[in-house]
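# A closer look at the structure
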Amino acid sequence: MRITTIRSIFTKQSQSSFQVFFLIVFAIVLMVMDRRLNQFVTIREALSFPLAPFQYSVSWSVKQINQFKTAFSAYDYLAKENIELKAERLLLHAQLQRLIALEAENNYLKALSQASHHIQSKTLIAELLNVDSEPFVNQVILDKGARDHVYSGQPVFDAYGVMGQIIQVGPITSRVLLINDPRSGIAVHNVRNGTRAVAVGDSYLNNLKLMYVTKTTDIKVGDLFLTSGLGDRYPEGYPVGTVSNVSKDPAHQFATIYLQPSAHLDSSRQVLLVWYQKHA
Amino acid sequence: MPNWVAILITIVAALLLTILPMPAWTEWLRPAWVLLVLIYWTVTMPYLVGVGTAWLAGLVFDLLMGTVLGEHALAFTLVIYFISRLSLRLRMYSLPQQGMNILIFILFYQFIIYCIQGFLGELPNSHLYWLSSITSVVFWPWLFLLMRDFQRWFKIS
């Protein structure tokens, strides 16, 4: 046994470095294609398809454990939570009544001015799968896919604002690129004065950065930015973030402005998929 | 059970451990499970598991994680290549000695990933990133003993 082992190592040795060279070159080619070719997404989707069961099984087992835990959690806690939720529901209902009237009025005014789109569109609630990824990857996985007519480029929201967009669709799962990823860009405008800008993700600081804003532009800390609807990716009027830092360094050509995302990017479990414009 | 099925089971188990959700404070502490399992098999059975297996495992890892396709494949392949070169020597070492060597290899792996992420402009936003190699080494002796039992149980040789 031992003799065969040693012999096989020595015969493989010379061939091994050749093999490694090929594998490394192939890996680099894959990396370049993955980033540079748009058509490569379909290949990625096809390859990822068999992995969905893994993600579902891990997510399912974690969910079971959590359910087991809540089954034993104290009655008092649940009762207290119930009361709080009821109060919150009442409050939200009161606000909603005002919104319904406003939306009707808004749609009426838009119809009068012959604007092309309405606020209402088809939506679907999706849940995040309970799986982790590398901490430097700004993506999450949803439990809805092509079966539910999810499409690539679809905007995703949570209860507080814009979360990101779908970048990869499988039959039963889909992958969301969060807005704090450097590859994500989103057209925004300032609520206070309507200044338009493009917010690009900055994963290193975990927030968004406004691109190419001149130093004379009127933007203050605390300003809220909404989606402007330009660029046809995200519908208009959803909160993106509030300004957390403005610096006008004379050494730089443009002002450096950071936004704190409104959406709870790392804690929301349920998200809203919106069918927007021509895909609706 | 054929050998390759048993090896596949351990690699899949390592992949599941990688995507298993953990409390937020352990975010940067997750050991490189897949690489540790690959290292074990390469050290004990270099004629069965080698750079090819490492490359495929890396590709599946990339698909699961959403990192650039080929990133982990490249890193795993490079590390496993050096491990396979040193496999005879590593097999002779005691567990602490092995641990020191593994630490260097895992740091090398993290360095490769760090470089690729740097090229892509998506660097990890914390220096805690490097802690993962320490936890990997802490887990190495336990993983080694567990895997050895597994190997004996299924009579893989």
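Predicted model only: the values in this text are computed from it and were never measured. (Residues numbered from 1 in each chain as written. Chains lettered and ligands numbered in written order. Predicted model: local features only at pLDDT ≥ 70, side-chain atom pairs only at ≥ 80, totals over all residues.)

### Some details on the overall build of chain B
Scanning chain B from N- to C-terminus turns up 6 helices and 0 strands. Secondary structure elements of chain B, listed N to C terminal, follow the sequence α-α-α-α-α-α. The C-alpha atoms of chain B give a radius of gyration of 15 Å, which matches the 15 Å a tight globule of 157 residues would have. Across its three principal directions, the C-alpha atoms of chain B cover 45 × 30 × 30 Å. Per-residue burial over chain B gives 46% buried out of 157 residues. (Helix = DSSP H or I, 4+ residues; strand = E, 2+ residues; numbered from the N terminus. Rg over C-alpha atoms; globule rule 2.2 N^0.38 Å. Buried ≥ 20, exposed ≤ 12 C-beta atoms within 10 Å, placed from the backbone.)

### Remarks on the domain arrangement of chain A
Domain assignment breaks chain A into domain 1 (1–36), domain 2 (48–73 + 121–178 + 265–280), domain 3 (74–119) and domain 4 (185–261). On a C-alpha basis, the centroid separation for the pair domain 3 of chain A and domain 4 of chain A is 27 Å. (Domains from an automatic or database assignment.)

### Details of the nonpolar core
Within soluble globular proteins, side chains that are nonpolar generally end up buried alongside one another. One finds M163 of chain A together with V34, L35, L38 and F76 of chain B to be the most contacted residues of the largest nonpolar core, which totals 87 residues. With sequence-adjacent residues up to four places away left out, F76 of chain B is seen in contact with L35, L38, A54, W55, A57 and G58 of chain B. (Core = buried A, V, L, I, M, F, W, Y, C linked by C-beta atoms within 7 Å. Contact = placed C-beta atoms within 7 Å.)

### A look at the environment of V137 of chain A
Here V137 of chain A shows up in the loop between strand 1 (123–127) and strand 2 (139–142). The exposure class of V137 of chain A is partly exposed, given the 18 C-beta atoms found within 10 Å. As a C-alpha pair, V137 of chain A and S203 of chain A span 66 residues in sequence and 8.7 Å in three-dimensional space. Apart from the residues within four sequence positions on either side, V137 of chain A is in contact with M65, G66 and T67 of chain B.

### With respect to the interface of chain B and chain A
Where the parts come together, the accessible area they lose is often given as the size of the interface. Each side of the interface is counted separately: chain B has 35 residues, and chain A has 38 residues. Considering each element in turn, the side of chain B that touches chain A owes the most residues, 7 residues, to helix 4 (residues 71–92) of chain B. In terms of residue class, the side of chain B that touches chain A is built from 22 nonpolar, 10 polar and 3 charged. (Nonpolar A, V, L, I, M, F, W, Y, C, P; charged D, E, K, R; others polar.)

### Here's the deal with the packing of helix 3 (residues 51–65) of chain B against helix 4 of chain B
All names here are of chain B. Remark: helix 3 packs on helix 4, axes separated minimally by 7 Å, with the N-to-C direction vectors making an angle of 155°. Taken together, the axes of helix 3 and helix 4 lie roughly antiparallel to each other. Handedness of the crossing formed by helix 3 with helix 4: right-handed. Between helix 3 and helix 4, the contacting residues are V51, A54, W55, A57, G58, L59, F61 and D62 on the first element and E71, H72, A73, A75, F76, T77, I80, Y81 and S84 on the second. (Axes fitted to C-alpha atoms, helices over the stretch in contact; angles between N-to-C directions. Parallel < 35°, antiparallel > 145°, perpendicular 65-115°, else oblique. Left-handed = near helix turned anticlockwise from the far one by under 90°.)

### Quick word on unusual backbone geometry
Residue and element names in this part refer to chain A. With phi around 65°, H149 is a residue other than glycine that occupies positive phi space. Of note, H149 is situated in the loop between strand 2 and strand 3 (155–157). Located in the positive-phi region is D232, a residue other than glycine, with phi close to 60°. The class of D232 is exposed, set by 11 C-beta atoms lying within 10 Å.

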